[in-house]
Number of protein chains: 2
Amino acid sequence: MTAIQSELDLSDMARGAVFLGAGGGGDPYVGELFVRGQFDRGHIPKIIDVDALADEAFVVSIAGVGAPTVLVENLISERALLELARRTETFHNRKIDALISIEMGGVNSMFPLGLGARLGVPVIDADGMGRAFPHLQMTSFSVYGKRSSPLLLLDDLGSLITIDVQDDRQAEELVRLNTVALGAMLNGAFYPMSGADVKRTAVRGTITQTLQIGRCIRQARLASVDPVASLVETLNCAGDGRQARQLFSGKIADVTHETRDGWHWGRVSVVDTNRDILTVDIQNEYIVARRDGRTVTVVPDIIAILDRESAEPLTGEMLRYGQRVAVLGYAAPDIMRRPEGLAVFGPRKFGLEEDFLGVEALVPS
Amino acid sequence: MTAIQSELDLSDMARGAVFLGAGGGGDPYVGELFVRGQFDRGHIPKIIDVDALADEAFVVSIAGVGAPTVLVENLISERALLELARRTETFHNRKIDALISIEMGGVNSMFPLGLGARLGVPVIDADGMGRAFPHLQMTSFSVYGKRSSPLLLLDDLGSLITIDVQDDRQAEELVRLNTVALGAMLNGAFYPMSGADVKRTAVRGTITQTLQIGRCIRQARLASVDPVASLVETLNCAGDGRQARQLFSGKIADVTHETRDGWHWGRVSVVDTNRDILTVDIQNEYIVARRDGRTVTVVPDIIAILDRESAEPLTGEMLRYGQRVAVLGYAAPDIMRRPEGLAVFGPRKFGLEEDFLGVEALVPS
């Protein structure tokens, strides 16, 4: 079982969450600050394994919603999160037994840790994506039959909206609409479910993984070995069969950003000394990497862009012209690669004209 | 106390509701059919005076929301209304003691009568406007301190959205947004309040008034007297101090209709034999009547357009080129004419560049 024993562990986790976040999920520092504040006051997050959960436990996902570029400008309000937890318990007429992250990404993986610590409620070592994704319905929870609603949205002024619809795509649309109307940044309580549901639908072990990834990068730096190579080796040797590849190394030659319809769109081009080019398309997250036009990693597999020297993972907003970066491809967990999942968050759902192929097939070792 | 004793009473009420509806509120026949269906099965609406209500009674407004042009195409679903009532009681954890209309208009004045009859719950002889208006916050309830939320929206598929915000203008915006997203026509439960709140904030006696107006027109036709003149006389002699004026009589020379942002906009021009012109501007309801450019009646006072011969009141959608019509101005109830009310539904709130003046001042007798 993973335990957080120091603030160093929190920094490692935040770093690992940015890696898994695949470019999305917002500035991790905002999330880290929130958990650190709880930690300093003696509220230590308690992380439990999926199997430690009672089948009849009541579990909910608490997350911030809105464009990451908005999130960056808003510090997390403890008061608003506590009020959301209180309203969630009133609405469902159940005490919350455990929290689960909807996604692993810079901020939303940290929310439940901080709130759980403050409430004295454990956080489950799992999430609904094993990464970050831009849409509410793009979760293993939804793919395997759990609805995101009834869900609650609460803003800092105490405005509350609840939504209860059958279809998670419609829920996503309504959440987006109401978020924009209420001021572009809210907290929400999604995917109310039982412990048995979590066991059946969640992507397991992902908090532990953020800690391992973040720690691996930090320790490689201290040991003066190449942290990028070290991370790739660690991921390949984890024993879960998931493959990682270093796709490219070079300098950012061009990066475009656009915030449209509340989402972050863009493309980054990286050039190496041979004049080869790797491009990464962004739809909140990095969705496809192409080397000289040929796809080398595509959703739901994870694309990570790291600072070349320190292996610090970079979100889409952090990318700048001239940065020296390494680009990695990393296989998604098996539960996220099945046909029923690809029908919801595969390449075609992002407007790409290709079927999914795993990074290990696209880039043989 | 007003009682409905026959289907004739229902027709009279529907006719009177179109008159008070000031051109808005949708096709009354849809509402009449719904109540008639209940009546035929022995579910007789029970109408009670405001003063008969217990101070601690739980009262709510059930209404259809969406553009009237959409409403016309959707028959009222009894099943959906019953489900809304059930969900409302669950949400508020209170049994509904009485229903009240949010507005007097073709359809929304009939909803509570039919639903109340079906549920065995009385309907209060009052409403929140004494007429119809296009926006949720344009009620005496809101002006005198009762919020429209927490409110529920339910569609025919069972999708439920609840909204709880402090400001009724924001509630209006959110209701509109979610109504469009869910399919343009929903039922809602608004303005949860106590009997004491109703006594303090409601426009009283308005169901009785719809019956009186509808009956007056019918009886004048039977007696072969001019039903328009008869109605004006009846309104002026009601003893409540509210004045009515016949503003114009002529033929519709032009009528424009446009459905924009879910609302009905338009203008109708009426010409008489002297070539004088009266125009009426429409924003769902008739908002201002001008004779040769000079204002003769303006919101919140009521403008009614009647068939010249039968005095049948016409909604905005019923107006056609060549129709012979009479146009009436009728003073709003005192509770709707005070400065705090005019700040919410006076002329400037409809984009008009004039202050309110009552019809009795604009058109001295």
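Refer to the preceding data block for the structure.
Analysis parameters
- Residues numbered from 1 in each chain as written.
- Chains lettered and ligands numbered in written order.
- Predicted model: local features only at pLDDT ≥ 70, side-chain atom pairs only at ≥ 80, totals over all residues.
- Heavy atoms only, no water.
- Salt bridge = Lys/Arg side-chain N within 4 Å of Asp/Glu carboxyl O.
- Helix = DSSP H or I, 4+ residues; strand = E, 2+ residues; numbered from the N terminus.
- Buried < 20%, exposed > 50% of the residue type's maximum accessible area, 1.4 Å probe, protein only.
- Axes fitted to C-alpha atoms, helices over the stretch in contact; angles between N-to-C directions.
- Parallel < 35°, antiparallel > 145°, perpendicular 65-115°, else oblique.
- Left-handed = near helix turned anticlockwise from the far one by under 90°.
- Contact = heavy atoms within 4.5 Å.
- Nonpolar A, V, L, I, M, F, W, Y, C, P; charged D, E, K, R; others polar.
- Least-squares fit on C-alpha atoms with pLDDT ≥ 70 in both.

Colleague: Tell me what's going on with the pattern of salt bridges, and back it up with residues and numbers.
Modeller: Inspection of the entire model under this criterion finds 60 salt bridges over all chains. Between A:Arg308 and A:Asp226 there is a salt bridge, with the nearest N and O atoms lying 3.5 Å from each other. Taken together, the residues A:Arg308 in the loop between β14 (302-307) and β15 (324-330) and A:Asp226 in the loop between α9 (206-222) and α10 (227-236) connect sequence positions 82 residues apart. Judged by relative accessible area, A:Arg308 falls into the partly exposed class, the value being 22%. With relative accessibility at 32%, the residue A:Asp226 sits in the partly exposed group. The closest approach of N and O atoms between B:Glu78 and B:Arg41, which form a salt bridge, is 3.2 Å. With B:Glu78 in helix α4 (residues 78-92) and B:Arg41 in the loop between α2 (28-40) and β1 (47-48), the pair connects residues that are 37 residues apart, well separated along the chain. Connected via shared salt-bridge partners are A:Asp12, A:Arg15, A:Arg218, A:Arg221 and A:Glu312.

Colleague: Would you mind going over the packing of helix α2 (residues 28-40) of chain A against helix α5 (residues 111-119) of chain A in detail, with residue names and values included?
Modeller: All names here are of chain A. At a closest axis distance of 8 Å, the pairing of α2 and α5 adopts a crossing angle of 20°. With respect to each other, α2 and α5 are oriented roughly parallel. In terms of crossing hand, the pair formed by α2 and α5 is left-handed. Listed contacts from α5 to Phe-34, Val-35 and Gln-38 of α2 are Phe-111, Leu-113, Gly-114, Leu-115, Ala-117 and Arg-118. When the residues that make up the contact of α2 with α5 are grouped by side-chain class, the tally is six nonpolar, two polar and one charged.

Colleague: Please give an account of the relation of the copies chain A and chain B that cites residues and values.
Modeller: After a rotation of 180° and a shift along the axis of 0.0 Å, chain A superposes on chain B with an RMSD of 0.0 Å. Taken together, the rotation angle and the small translation identify this as a two-fold axis. Proximity to the rotation axis, assessed at the C-alpha, singles out A:Thr162 in chain A; its C-alpha lies 2.5 Å from the axis. Here 100% of the interface residues in chain A have copies in chain B that are interface residues too; the copies meet face to matching face.

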